[in-house]
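# Structural characterization, general
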Amino acid sequence: LAQIMNIEVRSSRRGCTLDEYAKAKHLAPGFLKSLGVDDGDWYGTPAVKLPYKDEHGALIRMRKRIALHKDARSKKDNRFRWDKGSEQPLYGLWRMADIEHAGWVLLVEGESDCHTAWSYGLPALGVPGATNWDKAKGDLVPRLAALDLYVWREPDQGGDTFIKAIQRDLPNARIIIPPSGTKDISEAHCRGEDVVALLDGLKALAISVLDVRPLQETAPSLAAFGPWVRDQLGVRNDRDTKLAIAGALSAWLLGHKRLIIDDGQDQAKGGRAYLVSDD
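In this report, we go over the structure that sits alongside the text. Since the structure is predicted, the reported quantities are computational estimates derived from the model, not experimental observations.

What counts, and where the lines are drawn
Residues numbered from 1 in each chain as written. Predicted model: local features only at pLDDT ≥ 70, side-chain atom pairs only at ≥ 80, totals over all residues. Heavy atoms only, no water. Helix = DSSP H or I, 4+ residues; strand = E, 2+ residues; numbered from the N terminus. Buried < 20%, exposed > 50% of the residue type's maximum accessible area, 1.4 Å probe, protein only. Contact = heavy atoms within 4.5 Å. Areas by Shrake-Rupley, 256 points an atom, 1.4 Å probe, with all protein chains shown as cover. Salt bridge = Lys/Arg side-chain N within 4 Å of Asp/Glu carboxyl O. Pairing = 2+ DSSP bridges. Axes fitted to C-alpha atoms, helices over the stretch in contact; angles between N-to-C directions. Patch = residues over 30% accessible without salt bridge, like charges linked within 9 Å, V, L, I, M, F, W, Y side chains within 5 Å. Core = buried A, V, L, I, M, F, W, Y, C linked by side-chain atoms within 4.5 Å. Phe/Tyr/Trp six-rings, centres within 6.5 Å; stacked < 30°, edge-to-face > 60°. Lys NZ or Arg CZ within 6 Å of the ring centre and 35° of its normal.

## Notes on the overall build of the protein
Secondary structure assignment for the protein yields 13 helices and nine strands. Looking at the 279 residues of the protein, the share that counts as buried comes to 43%. By sequence separation, contacts in the protein at least 24 residues apart represent 62% of the contacts at least 6 residues apart. Approximately 15,700 Å² of the protein is accessible, and the part contributed by carbon and sulfur atoms is 51%.

Next up, the structure:
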C-alpha cells in the first residue's frame, strides 16, 4: 500500500540485531562479540544474545534483547526475554578476577552500561534490573564488601529500590549521583563525553549509601523536584511514571503541611476528593 501511494513508512518488523545494538550504543560489533554478545532470535524475532556466565566462563543463563527502546505504550519493560531457567545472576561474573585485582568496582543496572564501562577498561558488574538485586547477588556480598564499591544511581523509581537494597547488604558502598540529564554511562558515551573523566569526577563526589534519602525527604523546595521530574519523563513518559511523580510531590507537600485537600465533596451526590490519604 505504501508503494502504491508512494509514501515511506517505518518498518513494523520487531526485534533487534547486533549491528543495530552496536550502532545505538556506539560500540564496535567486534568488541561486543568478544564478550559473547551475538545475533540470535526469540521465537522468530531477531534478538541480541546476552550470555550470563559464571566466573569460569560457563553459561548460567541466556538473556535476549528484542528491542532497543522501551515501548511507551506499555507499563512493562518489554525489551528483554530470558531463556528457560530461574537464575538472574550479576552480569560480568567472568570478570571477577580482574575486578578484585583492580580493587574497586562500579555496579550498574543492565548490560549496556557494562559494555560501555568495559570498552574503557573500567571494572563493572551489572544487575539485571533494579528490582532483581536479591536474586542476583548470590554469595558475592562479602567479596563486594571487600572492594571499593561504587553504585550508579539512575534517576528513576527503580534506582530508589536498588539503593534501598544496597543500604541493607553493602553499607560500605558509595553512591554516584549523575548530573541532571544523564541517565547512565552508556548515554554519556553516546553523547561523546569522556566517560573516564566523568566517572573520576563523580567518584570524588560520591556519597555514602547510608546518607542517601528519597528526594521527597531532602528537597528544600518544590522547585528542587524540577530536574528529577524532567529526568523521569525523559526516561519513560507513561502512567506509572506520572503516578510515581505525583506520589513524590504529594509526599513532600504532606510532609511540609502544604497540601490542601477539598474534603467537602459529598460522595453520596457523586463528588469525591482528589486525594484520599491517611494523612
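## A few points about the pattern of salt bridges
The tally for this structure, following the rule as stated, stands at eleven salt bridges. For Arg143, the salt bridge goes to Glu100, with nearest N and O atoms at 2.9 Å. Here the residue Arg143 occupies a position in helix α7 (residues 141-145), and Glu100 occupies one in helix α4 (residues 96-102), the gap between them amounting to 43 residues. Under the relative-accessibility criterion, Glu100 is labelled partly exposed at 35%. Among the salt bridges present, the one from Lys137 reaches Asp169, with a minimum N-O distance of 2.8 Å. Linking Lys137 in the loop between α6 (133-136) and α7 with Asp169 in helix α8 (residues 157-169), this pair joins segments that are 32 residues apart in sequence. Note on Lys137: relative accessible area 18%, which makes it buried. If you follow the salt bridges from partner to partner, you end up with Asp134, Lys137, Arg168 and Asp169 in one network.

## As for the side chain of Asn132
With respect to the helices and strands, the residue Asn132 is situated in the loop between β6 (124-127) and α6. Those residues in contact with Asn132 that lie beyond four places of it in its chain are Gln88 and Val127.

## A closer look at the sheet that holds strand β5 (residues 104-109)
Hydrogen bonds between backbone groups are what pair the strands of a sheet, and the pairing can be parallel or antiparallel. Strand order in the open sheet formed by five strands is β6-β5-β7-β8-β9, with mixed pairing between adjacent strands. Two strands lie at the open edges of the sheet, namely β6 and β9 (207-208), each paired on one side alone. Where β5 and β6 come together, four bridges link them in parallel fashion. Counterpart to Leu107 in the pairing with β6 is Leu125. Relative to β6, helix α5 (residues 111-119) is tilted by about 175°, and along the sheet it contacts β5 and β6.

## What to know about the environment of Gly247
Among the structural elements, Gly247 can be located in helix α13 (residues 239-255). On the accessibility criterion, Gly247 (39% relative accessible area) is partly exposed. Expressed as a C-alpha distance, the spacing of Gly247 and Gln216, which sit 31 residues apart in the sequence, is 9.3 Å.

## Brief notes about a nonpolar patch on the surface
A cluster of nonpolar side chains, namely Leu1, Ile4, Met5 and Ile7, defines an oily patch on the protein surface of about 510 Å² accessible area. Within the secondary structure, Ile4 sits in helix α1 (residues 2-5).

## Remarks on the nonpolar core
Val37, Leu106, Trp152 and Ile176 are the most contacted members of the largest nonpolar core, which totals 33 residues. For this core, the element with the highest residue contribution is helix α10 (residues 195-204), accounting for four residues. Each residue touching Trp152, except ones within four places of it in the same chain, is listed here: Leu106, Leu107, Val108, Ile176, Pro178, Thr182, Lys183, Asp184, Ile185, Leu199 and Leu202. In terms of nonpolar packing, the next biggest core, distinct from the first, is built from 26 residues, Leu93, Leu144, Ile166 and Val209 among them.

## A closer look at the packing of aromatic side chains
If you walk through the whole model with that rule in mind, you get eight aromatic pairs. What links up through ring pairs into an aromatic cluster is the set Tyr52, Trp82, Tyr91, Trp94 and Trp118. Against the face of Trp94 rests Lys53, its NZ or CZ located 4.5 Å from the ring centre. Over the ring of Phe80 we find Arg63; its NZ or CZ atom is 4.1 Å from the centre of that ring.

## Observations regarding unusual backbone geometry
For His26, which is not a glycine, the phi torsion comes out positive at approximately 55°. Structurally, the position occupied by His26 is in the loop between α2 (18-25) and α3 (29-34).

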